[in-house]
Amino acid sequence: MLRLTDVIIDCPDALELAAFYSQVTGLPVKPGSRASWAGLQVGPVELAFTPVEDYRAPQWPGGGHPKQFHLDFEVDDVEAEHARVVALGATLLHDAVGGDGHGWRVYADPVGHPFCLCRNAGVTWTEAGPVWPTGA
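I will try to describe carefully the structure that is included in this document.

## Here's the deal with the overall build of the protein chain
Scanning the protein chain from terminus to terminus reveals two helices and nine strands. The order of helices and strands in the protein chain, counted from the N terminus, is β-α-β-β-β-α-β-β-β-β-β. Taken against the 2.2 N^0.38 rule, which gives 14 Å for 136 residues, the C-alpha radius of gyration of the protein chain at 16 Å falls within 12% of a compact globule. Each of the three principal axes of the protein chain carries a C-alpha extent, and together these read 35 × 35 × 25 Å. Put simply, the protein chain has 136 residues, and 30% of those count as buried. For the protein chain, long-range pairs separated by at least 24 residues make up 48% of all intrachain contacts whose partners lie at least 6 apart in sequence.

## Focus on the packing of aromatic side chains
Evaluated as defined, the whole model comprises four aromatic pairs. The interplanar angle of 80° and the centroid separation of 6.2 Å between the aromatic rings of F73 and F115 together place this pair among those described as edge-to-face. Of this pair, F73 sits in strand β4 (residues 69–75) while F115 sits in strand β7 (residues 114–119); the two residues are 42 residues apart in sequence, bridging distant segments of the chain. Of the residues examined, F115 reaches a relative accessible area of 11% and is grouped as buried. With a centroid separation of 5.5 Å and an interplanar angle of 20°, the aromatic rings of Y107 and F115 are classed as stacked. Of the aromatic side chains, those joined through ring pairs into one cluster are F20, Y21 and F49.

## Focus on the nonpolar core
Of all hydrophobic cores here, the largest spans nine residues; its members are F73, V75, V78, V85, A90, V97, Y107, F115 and L117. Mapped onto this core, the elements with two or more residues apiece are β4, α2 (78–87) and β7. Not counting residues up to four positions away in its chain, the partners in contact with V85 are A90, Y107, F115 and L117. Of all hydrophobic cores here, the second largest spans seven residues; its members include A38, L40, L47 and F49.

So, how was this worked out
Residues numbered from 1 in each chain as written. Predicted model: local features only at pLDDT ≥ 70, side-chain atom pairs only at ≥ 80, totals over all residues. Heavy atoms only, no water. Helix = DSSP H or I, 4+ residues; strand = E, 2+ residues; numbered from the N terminus. Rg over C-alpha atoms; globule rule 2.2 N^0.38 Å. Buried < 20%, exposed > 50% of the residue type's maximum accessible area, 1.4 Å probe, protein only. Contact = heavy atoms within 4.5 Å. Phe/Tyr/Trp six-rings, centres within 6.5 Å; stacked < 30°, edge-to-face > 60°. Core = buried A, V, L, I, M, F, W, Y, C linked by side-chain atoms within 4.5 Å.

See the structure below:
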């Protein structure tokens, strides 16, 4: 099983941009947001913000500074989903899955956009999808 859980937007200041989108959407900044990761829950998907060094704003529609985002997918079986996405044309870029099977792997899609397969500790799976632990 695979579910889209997050859309992550690179920025210079995660809390500042989360506060902006909180005001835009009327949704609260998620409890537990911090300088390294801040988010808004938008239905089943989190709109998240993460700071990057030397942030350069995208230029639309020009390509000099392309759009900056990546997708996170929570998975119930990292190895099975790894094999499936690689067979579909993804390229593994970084593996941060620990010996306990929790963590994430970063991939590039066939045209280079990054996305992650994540297996977070405490998440259980139901027919409806992932159930996050209280406070997540």
